[in-house]
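Architecture at a glance
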Amino acid sequence: MIVATCLALTLTSMSLQAPKWVLTLSEEFDGAAGAGANPKVWGNDVGGHGFGNAEWQSYTPGNENAFLDGKGNLVIEARKEKAKIGNDPEREYTSGRLLTKGKFSQKYGRFEARIKLPSGKGIWPAFWMMGDNITEAGWPNGGEIDIMEFLGHDPRTVYGTIHGPGYSGGQSKGANKKLPEGGSYLKDFHVFAVEWEPDLIKWLVDGEVCKTWTPKDVEPNKWVYDHPFFIILNVAVGGNWPGYPDASTVFPQRMLVDYVRVYKKG
């Protein structure tokens, strides 16, 4: 009887201590300086066609603008230099855009990255996700979750947003986290995350839940967050939302990513 009681207590204790989140992807960006990101996980978007936002950069292949710094960080570097890729227009700037499409995607879980942000007018870094059915469904029908967007001219504010059919672009469902007067997201690394469950997306900055979305928030439109999403990291130069570089913008600008980690419910 005593043994049975002890066993029951042990099992109860174990269940209470079970982790809330179980790691499914851990990209720590350890490696030699100048090396590219892990090709088993990351590919490159390339080109200079504006990417739907009238951006001014050419995204380059391989490790030209996205590389390891040898100190445990991924660097995505925007530079003022001419580049022409394929049939796209020649651009005055280059940058990098990495994505896990076709290599890693997941439905639900916690997606987080620890990032140090670049600055300057027209500099637009982002950590975000798109539905892995984007090719078939098209944008925004496949859904988009922006875990971090930042406008380089406004050091106090970061943004989190969801896009779907009927609520995309200027009609998207967004939120921001603004630091007090004198604060700046440029001073250090910060952790940006979403915790995504059926019918629920929480947006977090440095562990604080800043916004929660549910299907009610997009009514009468469709909630399209019920299938796997892949991850994107990029630094855009210019665009309809951030505006464009001017004489005050200093190049190169670097976004440093300490890690990207993905979890599922334990």
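1. Considerations on the nonpolar core
The biggest cluster of nonpolar side chains holds 51 residues, and the ones touching the most others in it are I115, I145, Y225, I231 and L233. Ranked by the residues each element gives to this core, the list is headed by strand β16 (residues 229–237), at five residues. Among residues more than four places away in sequence, those in contact with I115 are F127, M148, D188, F189, H190, F192, L233, M255, L256 and V257. Core analysis: the next-biggest nonpolar cluster, separate from the first, contains seven residues, W128, M130, I134 and F230 among them.

2. Points about the pairing of strand β17 (residues 253–265)
As judged from the six bridges shared by strand β1 (residues 21–27) and β17, these two strands associate in the antiparallel manner. Across the sheet, the residue bridging to L23 is Y263, located in β17. In this structure, strand β5 (residues 74–83) lies alongside β17, joined through five bridges in antiparallel fashion. Across the sheet, the residue bridging to I76 is M255, located in β17.

3. Some words on the pattern of salt bridges
Tallied over the entire structure, the rule returns twelve salt bridges. Between E77 and R79 there is a salt bridge, with its nearest N and O atoms 2.5 Å apart. Owing to a relative accessible area of 8%, E77 belongs among the buried residues under this scheme. The partner of D258 in a salt bridge is R114, and the shortest N-O contact between them spans 3.0 Å.

4. Topic: the sheet that holds β16
Pairing is antiparallel in the open sheet, where seven strands are placed in the order β2-β7-β16-β9-β10-β11-β12. Bordering the open sheet on either side are β2 (43–44) and β12 (173–178), each of which pairs with just one other strand. Of the pairings in the sheet, the one linking strand β11 (residues 157–163) to β12 comprises six bridges and is antiparallel in character. Residue pairing across strands places G160 opposite A175, the latter belonging to β12.

5. Digging into the environment of K121
Checked against the element boundaries, K121 lands in the loop between β8 (109–116) and β9 (123–131). Classification of K121 as partly exposed rests on a relative accessible area of 32%. In this structure the C-alpha to C-alpha distance between K121 and A66, which are 55 residues apart in sequence, comes to 21 Å. Once you skip the residues sitting within four places of it in the chain, K121 turns out to touch G152, H153, Y244, P245, D246, S248 and T249. Side-chain polar atoms of K121 contact the backbone oxygen of Y244, separated by 3.1 Å.

6. Digging into the pairing of β16
Across the nine residues of β16, nine count as buried, placing the element largely inside the fold. Residue alternation in β16 divides its side chains into two sets, F229, I231, L233, V235 and V237 and F230, I232, N234 and A236, and both sets are buried. Across three bridges, strand β7 (residues 97–99) lies against β16 in antiparallel orientation. In the sheet register, L99 faces β16, and the bridge partner there is I232. Bridge count between β9 and β16: nine bridges; the pairing is antiparallel. What sits directly across from W128, in β16, is I232.

Basis of the calculations
Residues numbered from 1 in each chain as written. Predicted model: local features only at pLDDT ≥ 70, side-chain atom pairs only at ≥ 80, totals over all residues. Heavy atoms only, no water. Core = buried A, V, L, I, M, F, W, Y, C linked by side-chain atoms within 4.5 Å. Buried < 20%, exposed > 50% of the residue type's maximum accessible area, 1.4 Å probe, protein only. Helix = DSSP H or I, 4+ residues; strand = E, 2+ residues; numbered from the N terminus. Contact = heavy atoms within 4.5 Å. Pairing = 2+ DSSP bridges. Salt bridge = Lys/Arg side-chain N within 4 Å of Asp/Glu carboxyl O. Polar contact = N/O pair within 3.5 Å; in protein donor to acceptor, adjacent residues only side chain to side chain.

These figures come from the coordinates and say nothing about function on their own.
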